[in-house]
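Spelled out from the first residue to the last, the chains are:
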Amino acid sequence: METDCNPMELSSMSGFEEDADLNGFEETDMKDMKLEAEAVVNDVLFAVNNMFVSKNLRCADDVAYINVETRERNRYCLELTEAGLRVVGYAFDQVDDHLHTPYHETVYSLLDTLSPAYREAFGNALLQRLEALKRDG
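Residues numbered from 1 in each chain as written. Predicted model: local features only at pLDDT ≥ 70, side-chain atom pairs only at ≥ 80, totals over all residues. Heavy atoms only, no water.

Things to note about the confidence of the model for the chain
The pLDDT averaged across the chain works out to 83; a share of 77% of its residues lies at or above 70. This stretch, residues 1-30, has a pLDDT under 50; its non-local contacts, to residues over four places away or in other chains, come to 37 contacts. (pLDDT = per-residue confidence, 0-100. Contact = heavy atoms within 4.5 Å.)

Written as C-alpha cells, this is what we have:
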C-alpha cells in the first residue's frame, strides 16, 4: 500500500501565504529545510523505531538530513531537498556521495519501500483512525 497521507494528522497540513513577499521573492521559494525535516519526523515517528534531524550534518535552506531506524532495525541517513527525500547512507549521519538512490516525493512513499513494518504500522494507524471516526461520527 503506497500512500501520501498521514492518518494521524490529516488536518495539520499548512501552506505558506501565496501573497507573501520577502525581498522580492515569494515565501514559498524560501523554505527552511530544517523545519521541513522536523515536520517529516513528527509525521512518521509513530511508525519507526527512531527518527531525528541530524545534528552532525549541516542543514541549509535547500537541504537537511534525517536519520531513521526502521522497525526492522535498519538505519538510514536521508537527504531532504526540494526534489524530495532519498537515502544517502546506510548508517546515521553517513553521506555516501557514490550512492545514487531515487528521490521520493513523500516520506510515506520512501518508508513504504524501505520497511514492511512501517507499512503495517501505518495501515494499523489508519484503520484505528477510521474506526474512531466511525464510532464518534
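Section: the pairing of strand β5 (residues 75-81)
The side chains of a regular strand alternate between both faces of the sheet. Within β5, six of the seven residues are buried, leaving the element largely enclosed by the surrounding structure. Looking at chain direction, strand β4 (residues 64-69) and β5 are connected through six bridges and run antiparallel. The residue of β5 that forms the bridge with Ile66 is Leu78. Hairpin connection between β4 and β5: a loop of five residues separates the two successive antiparallel strands, and Arg73 in this loop has a positive phi of roughly 75 degrees. Pairing between β5 and strand β6 (residues 84-89): five bridges, direction antiparallel. Residue pairing across strands places Thr81 opposite Gly84, the latter belonging to β6. (Buried < 20%, exposed > 50% of the residue type's maximum accessible area, 1.4 Å probe, protein only. Helix = DSSP H or I, 4+ residues; strand = E, 2+ residues; numbered from the N terminus. Pairing = 2+ DSSP bridges.)

Some remarks on the pattern of salt bridges
A pair can form between side chains of opposite charge whenever their charged atoms are brought close. For the structure shown, the criterion picks out five salt bridges. Here Glu69 and Arg75 are joined by a salt bridge, their closest N and O atoms 3.0 Å apart. In this structure, Asp136 and Arg135 form a salt bridge, with 3.8 Å as the shortest nitrogen-oxygen distance. A single burial state applies to Asp136 and to Arg135, both of which are exposed. Three or more residues are tied together by salt bridges with common partners; here these are Glu69, Arg73 and Arg75. (Salt bridge = Lys/Arg side-chain N within 4 Å of Asp/Glu carboxyl O.)

A closer look at the pairing of β4
With respect to burial, β4 is a largely interior element, six of its six residues being buried. Alternating positions in β4 separate into two faces, Ala64, Ile66 and Val68 on one and Tyr65, Asn67 and Glu69 on the other, with burial throughout.

Some details on the sheet that holds β5
The four strands are arranged β3-β4-β5-β6 in an open sheet whose pairing can be described as antiparallel. A strand with exactly one partner marks an edge of an open sheet, and here the two such strands are β3 (50-53) and β6. The mean inter-strand angle of the sheet, taken between neighbouring strand axes irrespective of direction, is 25 degrees. In this structure, β3 lies alongside β4, joined through four bridges in antiparallel fashion. Its bridge partner lying in β4, Asn50 is registered against Glu69. Against the sheet, helix α2 (residues 107-114) contacts β3, β4, β5 and β6, and its axis sits at roughly 40 degrees relative to β6. (Axes fitted to C-alpha atoms, helices over the stretch in contact; angles between N-to-C directions.)

Some thoughts on the packing of aromatic side chains
Evaluation of the coordinates by the stated rule reveals four aromatic pairs. Consider the rings of Phe52 and Phe92, whose centres lie 5.2 Å apart with planes at 85 degrees: the pair is edge-to-face. With a gap of 40 residues between them, Phe52 in strand β3 and Phe92 in the loop between β6 and α2 connect regions that are remote in the sequence. For Phe52, a relative accessible area of 25% translates into the label partly exposed. With centroids separated by 5.9 Å and ring planes inclined at 65 degrees, the aromatic side chains of Tyr76 and Tyr90 adopt a geometry described as edge-to-face. (Phe/Tyr/Trp six-rings, centres within 6.5 Å; stacked < 30°, edge-to-face > 60°.)

Description of unusual backbone geometry
In this structure, Arg73 is a non-glycine residue whose phi angle is positive, near 75 degrees. Tracing the sequence through the fold places Arg73 in the loop between β4 and β5. We note that Asp93 has phi near 55 degrees; this positive angle belongs to a residue other than glycine. Within the secondary structure, Asp93 sits in the loop between β6 and α2.

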